[in-house]
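For reference, the chains in residue letters:
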Amino acid sequence: MSEPTPSYTGPQRVFSGVQPTGALHLGNYLGALKKFVALQHTHDCIFCVVDLHAITVPQDPKMLASNTRKITAAFLAAGLDPERAVLFVQSAVRAHSELAWIFNCSARMGWLERMTQFKDKAGQDKERASVGLFAYPVLQAADILAYKATHVPVGEDQKQHLELSRDIAERFNRDYDAPGFFPLPDPLIKGPGARVMSLKDGTKKMSKSDPSDLSRINLEDDADTIARKIKKARTDPEPLPESIDGLKGRDGAANLVGIYAALAGTTDQAVLDEYAGKGFGIFKPALAELTVNAITPIGEELARLNADPGHIDKVLADGAKRARAIADPIIEDVRRTIGFWGS
Ligand code: AMP
Ligand code: TRP
């Protein structure tokens, strides 16, 4: 019988990333930012604006820099404290690119060929997609493991990428006979809000790239806009059911109940306990009020921070320094483990 593989015994650390590819929406907030803010009080946290991931599809250089500052502003506006958590930009720390190359040599083609996000993003014409878009999840594994992060808060759509990160960590540990060198990172996905759907189509996820602005609530939307979008959200004429089973096949209704639960910090069932038998004429205004109360203060703070790019740049410069101080010794160890000259 083979010995059980010794597992990682280093410290716990949280890492996550958000792409600078447009304004953030309620799905990003509930699936990611809200969790980040809670975790900063209980864990060592590192949060990254992933501009290297953004260039897997074409970007306008001026927009990229300004979107990078905007996502940082959204981190701060949502309540991240740069004294507690490390906030930085991926391309400012070279460890990410270096480890991504090394992991390109650990990951197998077959693993990447199974990634559904690549299939979605590359569409019909995958011959013309960038190699970077294909290797995107390998860079994601490098982001996490350059800090030996053990926990990764993300939305449901990132589940497959995190499984790949675990496979890569395991493969590296095995190939280099370094058991327990990298942790196998655990995704933190559970809870309402992990998959917020489009307000126009409850079968599609809420997304930055949906051409219809009515499909999502942006962190920058004002109170009237939020209320109007919720009022127009696609539902059905039935009242809310008593149990979750009764939401089957009612995607639009289920989505609004999930949003309510995530914002109120409760469960779908608790929301149904309160609203069973009531129609959307009652439920939607209540949801609108809850959403406005949660989102508009963030939007206002976001506008204030966007007017002060000097402050954002200072936060990012300090964060990059702290991120390098963690990642550089880990990369040195990786280099030694592989047998690179000079290590
Ligand atoms: P992205 O904007 O794709 O970089 O995503 C940033 C974070 O938001 C990731 O953790 C995603 O999983 C999460 N996220 C994006 N869209 C949604 C959604 N519709 N529902 C829940 N989480 C989401
Ligand atoms: N791929 C993630 C997304 O699109 C963003 C991301 C990049 C990430 N690197 C990461 C998330 C590392 C968690 C950990 O949402």
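Quick note: structure is the one above.
Attention in this report is confined to the structure presented alongside it. (Residues numbered from 1 in each chain as written. Chains lettered and ligands numbered in written order. Predicted model: local features only at pLDDT ≥ 70, side-chain atom pairs only at ≥ 80, totals over all residues. Heavy atoms only, no water.)

Turning our attention to the overall build of the protein. What the protein contains, in helices and strands, is 13 helices and 5 strands. Rg of the C-alpha trace for the protein: 21 Å, near the compact-globule value of 20 Å for 343 residues, within the 12% margin. Overall size of the protein, expressed as C-alpha extent along the three principal axes, is 70 × 55 × 45 Å. Looking at the protein as a whole, 49% of its 343 residues are labelled buried. Intrachain contacts of the protein at a sequence separation of at least 6 include 77% that bridge at least 24 residues. Accessible area for the protein stands at about 16,700 Å²; split by element, carbon and sulfur atoms hold 52% of it. Across the protein, the mean location of the 42 positive side-chain charges is 3 Å away from that of the 44 negative side-chain charges. (Helix = DSSP H or I, 4+ residues; strand = E, 2+ residues; numbered from the N terminus. Rg over C-alpha atoms; globule rule 2.2 N^0.38 Å. Buried < 20%, exposed > 50% of the residue type's maximum accessible area, 1.4 Å probe, protein only. Contact = heavy atoms within 4.5 Å. Areas by Shrake-Rupley, 256 points an atom, 1.4 Å probe, with all protein chains shown as cover. Lys, Arg positive; Asp, Glu negative; His and termini not counted. Charge placed at Lys NZ, Arg CZ, Asp CG, Glu CD.)

What follows deals with the site of ligand 2. In the region of ligand 2, 13 residues are neighbours, and Q19, Y136, Q140, D143 and Q158 sit closest. The contact in question runs from an oxygen atom of ligand 2 to an N or O atom on the side chain of Q19, over 3.4 Å. The side chain of Q140 places a nitrogen or oxygen atom 2.9 Å from a nitrogen atom of ligand 2. Of all the secondary structure elements, the ones that give two or more residues to the shell around ligand 2 are β1 (14–18) and α7 (131–145). (Near = heavy atom within 4 Å. Polar contact = N/O pair within 3.5 Å; in protein donor to acceptor, adjacent residues only side chain to side chain.)

This paragraph deals with the site of ligand 1. In the neighbourhood of ligand 1, 17 residues make up the surrounding shell, with G155, D157, V196, M206 and K208 lying closest. Contacts to ligand 1 include G155, whose backbone N or O atom sits 2.8 Å from an oxygen atom. Take V196: an N or O atom from its main chain is 2.8 Å from a nitrogen atom of ligand 1. Bound to the protein, ligand 1 loses 91% of the 490 Å² it would expose on its own. If one sorts the elements of the shell around ligand 1 by residue count, helix α1 (residues 26–39) sits on top with 4 residues. Here the shell around ligand 1 is composed, by residue class, of 6 nonpolar, 8 polar and 3 charged. (Nonpolar A, V, L, I, M, F, W, Y, C, P; charged D, E, K, R; others polar.)

Quick look at helix α9 (residues 223–232) now. For α9, the complete set of buried residues consists of T225, I226, K229 and I230. Buried residues in α9, looked at end-on, bunch into an arc of 130°, giving them a common side. Among the exposed residues of α9, those oriented more than 90 degrees off its buried face are D224 and K231. Where α9 is buried, its residues contact α12 (280–306). (Arc of directions from axis to C-beta.)

Another aspect to go through is the pattern of salt bridges. Tallied over the entire structure, the rule returns 15 salt bridges. Here K205 and D157 are joined by a salt bridge, their closest N and O atoms 2.7 Å apart. Here D157 lies in the loop between β4 (151–153) and α8 (159–175) and K205 lies in the loop between β5 (186–188) and α9, a separation of 48 residues in the sequence. Beyond isolated ion pairs, a larger network of salt bridges with shared partners links D213, R216, D221 and K229. (Salt bridge = Lys/Arg side-chain N within 4 Å of Asp/Glu carboxyl O.)

Attention now moves to the side chain of H96. Relative to the elements of secondary structure, H96 occurs in helix α4 (residues 95–104). Its relative accessible area of 0% is what places H96 among the buried residues. Excluding residues within four positions of it along the chain, H96 makes contact with F15, C48, L52, F88, Q90, L139, A142, D143 and Y147.

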